[in-house]
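Structural description and commentary
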Amino acid sequence: MTVVAFLGPEGTFTHQAVLAWARRGDEAPGVSARRMTPVAAGTVGEVHDAVAAGRADRGVIAIESSVEGYVVPSLDALVGSGDVVAVDEVVLDVSFDAFVLPGHGELVEATAHPHGLAQCTRFVAARGLLPVPASSNGAACRDLADHQVAFGPRLCGELYGLETLATRVEDYAGARTRFLVLSRRDAAPASWEPWRAAGARQWRTMAAVTPVVTGPGVLARITAEFAERGVNMSSLVERPLKVREGQYVFVVTLDAAPWEPSVVDLLGDLLAAGDSIKVLGAYPVEPGGRGMDGVLPDHVPTGSVRAGDDDATLARGLLW
């Protein structure tokens, strides 16, 4: 029996990701979740602790929203863990319904996980509701008060006997959230072996790169190493070192597996330059997956300019 820890309670998007990962076990190698026991945890840290201590075989955490970006507690827990790594990825389409209690009173508050509230700001503003963060969207629905509106997946209405006030109340249709499947570090190679044997060709790797020697040009040096080795960096985010003001660890996502020769050489170059490195995880991705086809022009930030725009547009966008 595979024990899978997730941010609970039942009805969270993370719970849905666990179920989606389990269903994928019927058709994909490397997923040992046909006989699965989901176990809800109260925090992301508890999910990590359960995996690290062996109380859970796997853990599932949200890592990035296409609307709000990286989920900082999940990222920091992964960076700070010496025993837990990511071995697989689940991507879900995310849509929020608004729920109320039957026979509710005057509605004055809206409650959800902070990322959920951030994705439903127009609904909140239009009704003059006060945002109240919850530990998860599922918890917001489970603990709903009669003066509150809760945002969550449609499953929550059925689980907790709620009435649906409105459907699809998110600000941006088509939002997606990435979830990582966690394993103990020493068990990761065995988790990947079925995928490698099946010929999975596209992989992503997350790594934490901490420059020990800092100064002008450090980030340029690191990114130049990627270019020199022909390794695509699809994401870069910085997080502060918790005990050193003004010093940071760079969390990079690259489009290759850590055992590929170009990545081995790249990581060797960074180590030789004095950087500290930790691979946070690796996982196969579907061909043509996120970021593989570049950025569509209509998806860039509003007000961005491009070569070929007229002088007035360039001056406005670049503040020339």
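Residues numbered from 1 in each chain as written. Predicted model: local features only at pLDDT ≥ 70, side-chain atom pairs only at ≥ 80, totals over all residues. Heavy atoms only, no water.

1. Focus on the packing of helix H9 (residues 218–229) against helix H10 (residues 261–272)
The relative placement of two packed helices is expressed as an angle between their axes plus a distance between the axes. Packing of H9 against H10 brings their axes to within 10 Å, and their N-to-C directions diverge by 150°. Looking at the two axes, H9 sits roughly antiparallel to H10. Crossing handedness for the pair H9 and H10: right-handed. Residues Arg221, Ile222, Glu225, Phe226 and Arg229 of H9 touch H10, and the partners they reach there are Ser262, Asp265, Leu266, Asp269 and Leu270. In the contact of H9 with H10, the residues fall into four nonpolar, one polar and five charged. (Axes fitted to C-alpha atoms, helices over the stretch in contact; angles between N-to-C directions. Helix = DSSP H or I, 4+ residues; strand = E, 2+ residues; numbered from the N terminus. Parallel < 35°, antiparallel > 145°, perpendicular 65-115°, else oblique. Left-handed = near helix turned anticlockwise from the far one by under 90°. Contact = heavy atoms within 4.5 Å. Nonpolar A, V, L, I, M, F, W, Y, C, P; charged D, E, K, R; others polar.)

2. Considerations on the side chain of serine 183
By the secondary structure assignment, serine 183 is in strand E11 (residues 176–184). Residue classification places serine 183 among the buried residues on the basis of a relative accessible area of 1%. The contact partners of serine 183, leaving out residues within four places of it in the chain, are Val51, Asp57, Arg58, Asp83, Val84, Val85, Val87, Ala188 and Ser191. (Buried < 20%, exposed > 50% of the residue type's maximum accessible area, 1.4 Å probe, protein only.)

3. Focus: the pattern of salt bridges
Tallying each qualifying case throughout the model produces ten salt bridges. Measuring nitrogen to oxygen at the nearest pair gives 3.0 Å for the salt bridge that ties arginine 176 to aspartate 93. On the criterion of sequence distance, the pair formed by arginine 176 in strand E11 and aspartate 93 in strand E5 (residues 84–93) is long-range, its members being 83 residues apart. According to the relative accessible area criterion, arginine 176 is partly exposed, its value standing at 41%. The closest approach of N and O atoms between aspartate 269 and arginine 229, which form a salt bridge, is 2.7 Å. In this pair, aspartate 269 is assigned in helix H10 and arginine 229 in helix H9, connecting sequence segments 40 residues apart. Taken together, the shared-partner salt bridges in this structure form one network comprising Glu64, Glu89 and Arg178. (Salt bridge = Lys/Arg side-chain N within 4 Å of Asp/Glu carboxyl O.)

4. Considerations on unusual backbone geometry
A cis amide bond, omega 5°, links glycine 8 with the succeeding residue proline 9. Along the chain, proline 9 falls in the loop between strand E1 (2–7) and helix H1 (13–23). Phi at arginine 168 takes a positive value of approximately 50°, unusual for a residue other than glycine. Mapping arginine 168 onto the fold places it in the loop between strand E10 (163–166) and E11.

5. Digging into the nonpolar core
In summary, soluble globular proteins display a tendency toward joint burial of nonpolar side chains. In this structure, Val90, Phe123, Phe151, Val169 and Phe179 are the most contacted members of the largest nonpolar core, which totals 39 residues. Counting residues per element, this core draws most heavily on H1, at six residues. Residues in contact with phenylalanine 123, not counting those within four places in the same chain, are Ala98, Leu129, Val149, Phe151, Leu165, Ala166, Val169 and Asp171. (Core = buried A, V, L, I, M, F, W, Y, C linked by side-chain atoms within 4.5 Å.)

6. A word on helix H3 (residues 72–80)
Owing to its 3.6 residues per turn, the α-helix aligns residues three or four sequence positions apart on the same side. For H3, the complete set of buried residues consists of Ser74, Leu75 and Leu78. End-on view of H3: buried residues confined to an arc of 95°, all on one side of the axis. Away from its buried face by more than 90 degrees, H3 exposes Pro73 and Gly80. (Arc of directions from axis to C-beta.)

7. A word on the state of the cysteines
One pass over the structure, following the stated rule, counts zero disulfides. Looking at the unpaired cysteine 120, the closest cysteine sulfur is the one in cysteine 141, lying at 11 Å. For cysteine 120, a relative accessible area of 0% corresponds to the buried category. Left unpaired, cysteine 156 is separated from the closest cysteine sulfur, that of cysteine 141, by 3.8 Å. (Disulfide = S-S within 2.5 Å.)

8. Considerations on the environment of valine 85
Tracing the chain through its elements places valine 85 in strand E5. C-alpha of valine 85 to C-alpha of lysine 278: the two residues are 193 residues apart in sequence and 10.0 Å apart in space. In this view, valine 85 contacts Leu78, Val181, Leu182, Ser183, Arg184, Arg185, Ala188, Val279, Leu280 and Gly281; residues no more than four positions away in its chain are not counted.

9. Topic: the pairing of strand E3 (residues 58–65)
Most of E3 sits inside the fold, with eight of its eight residues counted as buried. In this sheet, E3 lies alongside E1 in parallel orientation, the contact comprising three bridges. Of the residues in E3, the one forming a bridge with valine 4 is arginine 58. Here E3 pairs with E11 via six bridges, running antiparallel. Directly across from alanine 62, in E11, lies its bridge partner phenylalanine 179. One ladder, built from two bridges, connects E3 with strand E4 (residues 69–70); its direction is antiparallel. Note on E4: the bridge partner recorded for glutamate 64 is tyrosine 70. (Pairing = 2+ DSSP bridges.)

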